[in-house]
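# A closer look at the structure
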2 protein chains.
Amino acid sequence: MSGVPRAFGVRVLEGIGEIRPGDDLVDVIATAARGSLAEGDILVVTSKVVSKAEGRIVHASDRERAITEETVRVVATRSHPDGVTRIVENRLGMVAAAAGVDASNTDEGTVLLLPVDPDASARALAAGLRARTGRALGVIISDTLGRPWREGQTDVAIGAAGVHVFDDLRGTVDAAGKPLAVTMPCLADELAAAGDLVKGKATGCPVAVVSGLPHLVGGLDLPGARSIVRPRDRDLFRMGTDEAIALGTAAGRSAGYSAGRAAGFTEGFTAGIGAAEHERVRS
Amino acid sequence: MSGVPRAFGVRVLEGIGEIRPGDDLVDVIATAARGSLAEGDILVVTSKVVSKAEGRIVHASDRERAITEETVRVVATRSHPDGVTRIVENRLGMVAAAAGVDASNTDEGTVLLLPVDPDASARALAAGLRARTGRALGVIISDTLGRPWREGQTDVAIGAAGVHVFDDLRGTVDAAGKPLAVTMPCLADELAAAGDLVKGKATGCPVAVVSGLPHLVGGLDLPGARSIVRPRDRDLFRMGTDEAIALGTAAGRSAGYSAGRAAGFTEGFTAGIGAAEHERVRS
């Protein structure tokens, strides 16, 4: 990926209306684009419209159950005046508040689940749009996530197809000739973030087009966004701090109790013999 | 911040050479821009060149000491074949590997510290460039950070001036009229991410210009990037999981030992009296 372009543009695709279950997103996007998609363009598509097209809608009354069903494990919980936020690892490996179950920009009384397989959704979209336009296009499916240590949220890639999700610089050198040992910028997340700057949250513009970065576009067999998810056992922050302290405390208390009881028994036994002896001498 | 534009552009500023301690970045950037900066443009400046201009350079042999000096507390450590990575909270409140001390794109035998006060550096740059160009410009100072749960790195804002760092949607409604209760996109981080897509790591292009988002530009008294840092006591992931488990284990063991020792003493005392009694009867 040498020869990085010096500029790129990001625009929203106008004229995409409300998406309903069963809608053909390839057709919706191609129609809205009206022939404007160029070779190497990357579409950043809000996951919400993919979920809607795929019918991933449940009644709001089923929200808690939906979150539980999407959850592989609870990472951390936080109590607040309105209830408890569960930060969980979901079935996609993503760590997200409420497992990614979304109640904004949905019909009254409904919530949205994430697409079943966002990488597969991205591949289907990219394949369909490539066939329709005859152009090599990339697709990112984006979602809005909070993060540790920093306030607010950024859009990240939860699905990707036909796009290099990482710029793998490991093994290359910097401008001064030194190895860039661990540097692996997550292009897919940066593309999702760039798209959010025009898509916004309340504007009803769920698709952005990034033009001018064709070097980031490749085959549909490139690794998807699933490859961004760090395996749990490699993650230094795989549990919330309070949860990890509680886990350690329980284990430590149990081990400490056993050790303390053994030591106390020995001390008590000696003291008991001494006391009995003392009693006997006195009496 | 209504009336969000439908498109924006990002380009690198060509012709910025190697930056040396004492260089005037306002002059360097204004000269490279050659009159091309427009009202409402946002400059994304790699922190590395700010550090260099500010002379924040130390000998590589002092790297470990520099990391220690920049560290407020260790958040997590990871051992690997090349040594130990310290993920720490630095004096800016940022959680970063090696406290943000940087050995890439620096002269042989040197490492770079982060700017002393990146928000102040951003304000000085923005004020200088506004005076020089007569245009309302914003400045983001970016750095490359890893993150929990997701592989790779993204560029984020560690300094900001004249830019709305958040799009505070809390209290507003979505397209369906529902409240966007907790939504607060971190625009500054998304701008930094967008800039990285053209700046790259090895290209010697430390400044990107984002054009077309003038609604994100405001007064120089807007909150800086320091406001992005979540206070430690509000963070669910303020410690590494292993470190938190170890902390809990030590506390639990101590408490458990005391409780176990007391229980064991009672048991032992009773048993000791019993044994002494038994011995007396036998003898």
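Residues numbered from 1 in each chain as written. Chains lettered and ligands numbered in written order. Predicted model: local features only at pLDDT ≥ 70, side-chain atom pairs only at ≥ 80, totals over all residues. Heavy atoms only, no water.

The name an unreviewed UniProt entry gives chain A is Coenzyme F420-0:L-glutamate ligase, with Agromyces aurantiacus as the organism.

### Considering the overall build of chain A
Looking only at helices and strands, chain A features six helices and ten strands. Taking 283 residues into account, the globule formula puts the C-alpha radius of gyration at 19 Å, and chain A, at 27 Å, lies well above it. In terms of its C-alpha atoms, chain A occupies a principal-axis envelope of roughly 110 × 60 × 30 Å. Relative to its full complement of 283 residues, chain A shows a buried share of 54%. Once local pairs closer than 6 in sequence are excluded, the contacts in chain A between residues at least 24 apart make up 67%. Counting every atom, chain A has about 11,800 Å² of accessible surface; 55% of that belongs to carbon and sulfur. Averaging the locations of the 32 positively and 36 negatively charged side chains of chain A gives two centres separated by 3 Å. (Helix = DSSP H or I, 4+ residues; strand = E, 2+ residues; numbered from the N terminus. Rg over C-alpha atoms; globule rule 2.2 N^0.38 Å. Buried < 20%, exposed > 50% of the residue type's maximum accessible area, 1.4 Å probe, protein only. Contact = heavy atoms within 4.5 Å. Areas by Shrake-Rupley, 256 points an atom, 1.4 Å probe, with all protein chains shown as cover. Lys, Arg positive; Asp, Glu negative; His and termini not counted. Charge placed at Lys NZ, Arg CZ, Asp CG, Glu CD.)

### Re the interface of chain A and chain B
Between chain A and chain B, the residue contacts involve 102 residues of the former and 102 residues of the latter. Taken together, the two surfaces of chain A and chain B that pack against each other cover about 9,000 Å², and 59% of this comes from carbon and sulfur. Of all residues in chain A, Trp 149, Glu 151 and Leu 197 of chain A bury the most surface against chain B, accounting for 10% of the area lost on that side. Between chain A and chain B we count 14 salt bridges in total. The closest approach of N and O atoms between Arg 238 of chain B and Asp 242 of chain A, which form a salt bridge, is 2.6 Å. The interface formed by chain A and chain B holds 58 residue pairs in polar contact (both at pLDDT 80 or more) in total. Listing elements by their share of the side of chain A that touches chain B, those giving two or more residues are strand E1 (7-12), strand E4 (71-80), strand E9 (153-161), helix H5 (187-199) and helix H6 (241-282) of chain A. Sort the elements by how many residues they give to the side of chain A that touches chain B and H6 of chain A lands first, with 26 residues. Taken together, the residues that form the side of chain A that touches chain B break down as 54 nonpolar, 22 polar and 26 charged. (Buried area = accessible area lost by both parts, 1.4 Å probe. Salt bridge = Lys/Arg side-chain N within 4 Å of Asp/Glu carboxyl O. Polar contact = N/O pair within 3.5 Å; in protein donor to acceptor, adjacent residues only side chain to side chain. Nonpolar A, V, L, I, M, F, W, Y, C, P; charged D, E, K, R; others polar.)

### Section: the pattern of salt bridges
Pairing of side chains with opposite charge becomes possible as their charged atoms draw close. Summed over the entire model, instances satisfying the criterion amount to 44 salt bridges over all chains. When the shortest N-O distance is used, the salt bridge between Glu 70 of chain A and Arg 56 of chain A registers 3.5 Å. With Glu 70 of chain A in helix H3 (residues 63-70) and Arg 56 of chain A in the loop between helix H2 (47-53) and strand E3 (57-59), this pair connects stretches of sequence that are 14 residues apart. Here Glu 70 of chain A falls in the buried class, since its relative accessible area comes to 6%. For Arg 282 of chain B, the salt bridge identified is with Glu 279 of chain B, shortest N-O distance 3.9 Å. Of this pair, Arg 282 of chain B and Glu 279 of chain B both sit in helix H6 (residues 241-282), three residues apart, which is roughly one turn of the helix. Given a relative accessible area of 63%, Arg 282 of chain B falls into the exposed group. Owing to a relative accessible area of 44%, Glu 279 of chain B belongs among the partly exposed residues under this scheme.

### Observations regarding the side chain of Glu 89 of chain B
Residues and elements named next belong to chain B. Locating Glu 89 in the fold gives a position in strand E5 (residues 83-90). Residue classification places Glu 89 among the buried positions, given a relative accessible area of 10%. Of the polar contacts made by the side chain of Glu 89, one reaches the side chain of Arg 232; its length is 3.1 Å. Dropping the residues within four chain positions of it, Glu 89 is found in contact with Glu 70, Thr 71, Val 72, Arg 73, Val 75, Met 94, Val 95 and Arg 232.

### Looking at the nonpolar core
Within the largest apolar cluster, 56 residues are counted, with the highest numbers of intra-cluster contacts made by Phe 8, Ile 140 and Leu 191 of chain A together with Phe 8, Ile 140 and Leu 191 of chain B. Among residues more than four places away in sequence, those in contact with Ile 140 of chain A are Ile 42, Leu 43, Val 44, Val 45, Ala 157, Gly 159, Ala 160, Val 163, Ala 188, Leu 191 and Ala 192 of chain A. (Core = buried A, V, L, I, M, F, W, Y, C linked by side-chain atoms within 4.5 Å.)

### Side note on the packing of aromatic side chains
Residues and elements named next belong to chain A. Within the structure shown, the criterion is met by four aromatic pairs over all chains. Summarising the aromatic geometry, the rings of Trp 149 and Phe 237 are spaced 4.9 Å apart at their centres and angled 80° between planes, so their arrangement reads as edge-to-face. Taken together, the residues Trp 149 in the loop between strand E8 (138-146) and E9 and Phe 237 in the loop between strand E10 (207-211) and H6 connect sequence positions 88 residues apart. Comparing Trp 149 with Phe 237 shows no difference in burial state: the two are buried. (Phe/Tyr/Trp six-rings, centres within 6.5 Å; stacked < 30°, edge-to-face > 60°.)

### Comments concerning the domain arrangement of chain A
Assigned domains of chain A: these are domain 1 (9-56 + 114-230), domain 2 (59-104) and domain 3 (241-282). Look at where the C-alpha atoms of domain 2 of chain A and domain 3 of chain A centre, and you get two points 42 Å apart. (Domains from an automatic or database assignment.)

### Description of the packing of H6 of chain A against H6 of chain B
Direction vectors running N to C along H6 of chain A and H6 of chain B enclose 20°, while the axes themselves pass 1 Å from each other. Classified by the interaxial angle, the pair formed by H6 of chain A and H6 of chain B is roughly parallel. The two elements H6 of chain A and H6 of chain B meet at a crossing, and its hand is right-handed. Taken together, the residues that form the contact of H6 of chain A with H6 of chain B break down as 24 nonpolar, 18 polar and eight charged. (Axes fitted to C-alpha atoms, helices over the stretch in contact; angles between N-to-C directions. Parallel < 35°, antiparallel > 145°, perpendicular 65-115°, else oblique. Left-handed = near helix turned anticlockwise from the far one by under 90°.)

### Here's the deal with the relation of the copies chain A and chain B
If you rotate chain A by 180° and push it 0.1 Å along the axis, it lands on chain B with an RMSD of 0.2 Å. Considering both components of the superposition, the chain copies are consistent with a two-fold axis. (Least-squares fit on C-alpha atoms with pLDDT ≥ 70 in both.)

### Examining the sheet that holds strand E6 (residues 95-97) of chain A
Residue and element names in this part refer to chain A. Read across the sheet, three strands follow the order E4-E5-E6 without closing on themselves; strand pairing throughout is antiparallel. Two strands bound the open sheet, and with one partner strand each, they are E4 and E6. Averaged over all pairs of adjacent strands, the angle between their axes in this sheet comes to 25°, without regard to strand direction. With three bridges joining them, strand E5 (residues 83-90) and E6 adopt antiparallel strand pairing. Among the inter-strand pairings, Ile 87 is bridged to a residue of E6, identified as Ala 97. (Pairing = 2+ DSSP bridges.)

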